[in-house]
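This is what each chain is made of:
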Amino acid sequence: MRITSIKTIITRPPIRHPGKLGVGDLVAVDAVIVSIETDADFSGVGECSPWAVFAENAFAIKATIDNYLAPALIGETPFNIEALLLKMDAAHYGSSFAKTGVEMALLDIVGKALNCPVNQLLGGLVRDRISLSYSVTNQEVQADLDESRWLLDQGFKVLKIKTGVLPEREELSRVEALRKLVGDEFDLRIDFNQGGRREQMTRLCRQLEAFKPTFIEQPFKGFDLDAMAALCAVLDTPVMADESVLSWDQGFQVAKRQAADIISIKIAKMGGLVRSKKVAGMCEAAGIPCYAGAMWESGIGLAASLHFACSSPAIKYGSDFYTANYLMTDDLIISPLAVSDGDILVPMGPGLGIEPDWEAIERYRVVA
């Protein structure tokens, strides 16, 4: 079996409402859909959904795949995933999001060809579902309370409050109001998305500890590992790294420098599922628990993330895999991913286990 074509489409599926996060505003979701054909009866689909203020952008990703990665892989067999990752590295430096979309489609083909789900290619399941954490991003107390009540009615058992936007006193009041709503025992988390001010973070985080957050995520700029390590040393609450780990090698540096107590692994940051598994294995060996992060993927990308998260023992703190079911108003797959009692279930069909909705993909296509 040989790869005959690799094509990309930029889509912009609709979302319920915009959000404000420490690193910038989310006003739209861009998803680059990757379609790979072979000379056999198998094809595969992948997705990479960047956020320009966070890492990469959809238009650059499409250009990278079309002009560099695709030409390097045409004529190759999709079964040699590690070799194809190296070929993509030789064709273009970095661009982890683009490589994730391509690798995802390759694994989809291999799983279909072998008639097994992708998780079996990654070592098999250690769980068949993972808990959902929803990110509360309105930055207005009443709107956040109203949305949180809706989420509780939907069965959510974990909420993440996006901070790093409002003045300090307003941040504290907002977190206090949400803690009162959900109760003392509820799993409530805090995420600054790099929006914290270095000179006030230690004081502010110590005050936030009064509200018993499960963890405090990425208070500082991603590059500021010294500040991350210093904060870890003085807080009782675990500190999680997200933007400090924008590649699989950065995951090693964070662990080596003790710059986080928890690491968020997003397959798009790592360059795909295979390299995400390597980071998860490194964390497992180092005794660092992980969180299964996501960007703003549709059901295509989230299915791939589920195969990773559900086959990785290091994932101890659930996932961000809520986007397709609760943020988007229309998904890019035919049948939505299954959710039960605050958990999202891994699809178990061959490959990714999902069927792309090509009509929806065309409906939300962005001309590039």
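In what follows, the structure referred to is the one given above.
Model, not experiment: these values are computed from the prediction.

I keep staring at the environment of Leu106 and nothing clicks. Help me out?
Relative to the elements of secondary structure, Leu106 occurs in helix α3 (residues 96–114). Relative accessible area serves as the criterion here: at 1%, Leu106 is assigned to the buried category. In this structure the C-alpha to C-alpha distance between Leu106 and Ile81, which are 25 residues apart in sequence, comes to 7.4 Å. Here Leu106 is in contact with Ile3, Ile36, Leu73, Pro78, Ile81 and Leu84, once residues within four sequence places are set aside.

Can you walk me through the sheet that holds strand β5 (residues 43–48) in this structure?
In any sheet, the strands associate via hydrogen bonds between backbone groups, in a parallel or an antiparallel arrangement. A sheet is described by the order of its strands in space; here three strands give the open sequence β1-β4-β5, paired in antiparallel fashion. Pairing within the sheet leaves two strands with one partner each, and these edge strands are β1 (3–11) and β5. Strand-to-strand twist in this sheet, taken as the mean axis angle between neighbours without regard to direction, amounts to 20°. Summarising the sheet, β1 and strand β4 (residues 31–38) pair through eight bridges and their orientation is antiparallel. Bridging from a neighbouring strand, Ile10 pairs with Val32 of β4. Set on the sheet, helix α1 (residues 58–73) makes contact with β1, β4 and β5; between it and β1 the angle comes to about 180°.

Explanation requested: unusual backbone geometry in the structure shown.
Peptide bonds are, in most cases, trans, and in most cases residues other than glycine have a negative phi. Located in the positive-phi region is Lys212, a residue other than glycine, with phi close to 55°. Locating Lys212 in the fold gives a position in the loop between α7 (201–208) and β10 (216–217). Assessed through its relative accessible area of 51%, Lys212 is described here as exposed. The phi torsion at Gln218 lies on the positive side, around 40°, for a residue other than glycine.

Could you clarify how one ought to interpret the sheet that holds strand β8 (residues 158–162) in this entry?
With respect to topology, eight strands assemble into an open sheet ordered β7-β8-β9-β10-β11-β12-β13-β14, the strand pairing being parallel. Strand pairing shows two members of the sheet lacking a second neighbour, β7 (133–136) and β14 (315–319), which therefore form its edges. Strand direction decides the pairing type here: strand β12 (residues 262–265) and strand β13 (residues 290–292), joined by three bridges, are parallel. Residue pairing across strands places Ile265 opposite Ala292, the latter belonging to β13.

The rules behind these values
Residues numbered from 1 in each chain as written. Predicted model: local features only at pLDDT ≥ 70, side-chain atom pairs only at ≥ 80, totals over all residues. Heavy atoms only, no water. Helix = DSSP H or I, 4+ residues; strand = E, 2+ residues; numbered from the N terminus. Buried < 20%, exposed > 50% of the residue type's maximum accessible area, 1.4 Å probe, protein only. Contact = heavy atoms within 4.5 Å. Pairing = 2+ DSSP bridges. Axes fitted to C-alpha atoms, helices over the stretch in contact; angles between N-to-C directions.

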